[in-house]
Amino acid sequence: MQRLVVLGGGTAGTMVVNKLRRKLDRAEWDIVVVDQDDKHLYQPGFLFIPFGVYEPSDVIRSRHRFIPDGVDLVLGEIERVDTGADEVILADGRRLGYDYLIIATGTTPRPDQTPGLLGDQWRTSIFDFYSLDGATALASALPAFAGGRLVVNIVDMPIKCPVAPLEFTFLADAYFRRHGLRDRVEITYVTPLPGAFTKPICTEQLGWMLDERKIAIETDFMIERVDDRAKALVSYDGREIPFDLLVTVPLNMGADYVGRSGLGDELNYVPVDKHTLLSKAHSNIFAIGDASDIPTSKAGSVAHFSVDVFVGNFCRYVRGEAMTGSFDGHTNCFIESGDGKGLLIDFNYDTEPLTGSYPLPVVGPFGLLKESTANHWGKLAFRWMYWHVLLPGRPVPLPARMSMIGKRTPGPPPGGTRQPAEPDLATTQEQR
Ligand SMILES: Cc1cc2nc3c(=O)[nH]c(=O)nc-3n(C[C@H](O)[C@H](O)[C@H](O)COP(=O)(O)OP(=O)(O)OC[C@H]3O[C@@H](n4cnc5c(N)ncnc54)[C@H](O)[C@@H]3O)c2cc1C
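Residues numbered from 1 in each chain as written. Predicted model: local features only at pLDDT ≥ 70, side-chain atom pairs only at ≥ 80, totals over all residues. Heavy atoms only, no water.

Some remarks on the sheet that holds strand S20 (residues 285-287)
Backbone-to-backbone hydrogen bonds join strands into a sheet, with any given pair of strands oriented parallel or antiparallel. As summarised here, the arrangement of the five strands in space is S5-S2-S1-S9-S20, forming an open sheet in which the pairing is parallel. The sheet is open, and its two edges are formed by strand S5 (71-75) and S20, each paired on a single side. Between one strand and the next, the sheet's axes are offset by a mean angle of 20°, whatever the strand orientation. Relative to strand S9 (residues 100-103), strand S1 (residues 2-7) runs parallel, the two sharing four bridges. In the strand pairing of S9, Leu 7 is matched with Ile 103. Of the strands in this sheet, S1, strand S2 (29-35), S5 and S9 are in contact with helix H1 (residues 11-23), which crosses S2 at around 170°. (Pairing = 2+ DSSP bridges. Helix = DSSP H or I, 4+ residues; strand = E, 2+ residues; numbered from the N terminus. Axes fitted to C-alpha atoms, helices over the stretch in contact; angles between N-to-C directions. Contact = heavy atoms within 4.5 Å.)

Written out as structure tokens, the structure is:
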């Protein structure tokens, strides 16, 4: 009997055990998945909670519901992986041996990593929406905000769903307009990136949308600390940005046990081959979803497309065959832009987000990098898809590999030279 242990029963861990249970012979394979609690959170829904569109109950389900027969769900905090003994050690001392290990413990916002963020203003005038508690607290704070300086800020890259802070900003602009307050609210978007996003075409479109909404943008802003007495963000190069209400996306980090086990980089992400997700250091360990260091967005769509490729590869690998599937970094994300509209981006390791339509040419129905109501409804429909199709590992009629069908390729820019390469979403300021 072989034993596969999957660490993390979130988006990627749940999808992978559903798909692998169907493929691996029950007489030969035990499958165990470990998570610290029984609450599966639909994280894309956190964005809508501050604006009253979703309630917390819309985004929480019991994990047990999504774990198939023939897979053991072990609840407990992971303390360490002993790669010498091929054992996972839980905080309560339980030990789980493995033949193969899949790390799927994602990434977590860490406000404790920025001096001053968790000071007196935390959850008084400083909020986040990357945690369920934060999004819920913000749902009470927003209606009480009568005007002043709203600052939306990203501490550093990479973060999961890198478009979510922009979406929050667009939704806040629409929310204050709807409540007749917009002329009393000054909105500033503060980012460590050199523009609204990365890659030229997308940055130009999203930057223009901020401009159109009279939202100021402060770029290349690396926070040193939050001065919670003066209520200001302070950067390493001495800039200060005062706020009345700060909505921050704290530094995102992989799980601490990854670092403690010597399995991670400086942010606790597991270095893997970007096409097969096999650990660079251990031949029986893989990392999927946000937990790995692959150079694409950390997103549920990446977890989905990469798991589709991974499952076939894993089955070949354990039979001693070559992993012939190659994940191309495919990501797609809806971007809410307010007033019942949204955009869609679709890209991979080599192709930046382009304009056009998706998944079909001309008819779409989704527009790439173009605001439309269809994109907004696509985003809202995604929650149903998540619970009923993606998590149970049912087939989705969208290819894992990114397609150029429907995409418009830009001609050479005036003068004939391409723009210089821009920092990637998966790259931290320190690495840059
Ligand atoms: C506000 C917001 C909006 C988003 N919007 C989108 C979107 O529109 N589209 C999109 O594609 N993606 C979106 N995402 C990103 C998406 O939710 C994540 O990329 C996806 O959930 C990653 O899946 P994962 O399995 O890697 O990690 P997770 O789903 O986070 O699962 C990790 C699991 O590991 C467990 N775990 C961690 N540490 C331990 C430990 N020490 N012991 C035991 N268990 C542990 C956790 O409890 C968790 O269940 C959004 C995320 C946020 C926060």
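From this point, the narrative continues.
A short note on the site of the ligand
In the vicinity of the ligand, 28 residues are found, and the nearest of them are Thr 11, Ala 12, Asp 35, Asp 290 and Gly 300. Contact between the ligand and Arg 63: an oxygen atom at 3.0 Å from a side-chain N or O atom of the residue. One of the backbone N or O atoms of Ile 78 is found 2.9 Å from a nitrogen atom in the ligand. Of all the elements in the fold, those that place two or more residues in the shell around the ligand are H1 and helix H6 (300-318). The class makeup of the residues in the shell around the ligand is 11 nonpolar, 11 polar and six charged. (Near = heavy atom within 4 Å. Polar contact = N/O pair within 3.5 Å; in protein donor to acceptor, adjacent residues only side chain to side chain. Nonpolar A, V, L, I, M, F, W, Y, C, P; charged D, E, K, R; others polar.)

Details of unusual backbone geometry
The omega angle of the peptide bond from Met 157 to Pro 158 is 0°, so this bond is cis rather than trans. Relative to the helices and strands, Pro 158 resides in the loop between strand S12 (148-154) and helix H3 (164-178). In this structure, Pro 359 follows Tyr 358 across a cis peptide bond, with omega equal to -5°. Note on placement: Pro 359 falls in strand S23 (residues 355-360). One non-glycine residue, Cys 161, lies in the positive phi region at around 40°. Phi at Leu 277 is positive, roughly 70°, even though this residue is not glycine. Its place among the elements puts Leu 277 in the loop between helix H5 (256-260) and S20.

It is worth stressing that arrangement in space is one thing and function is another; only the former is reported here.
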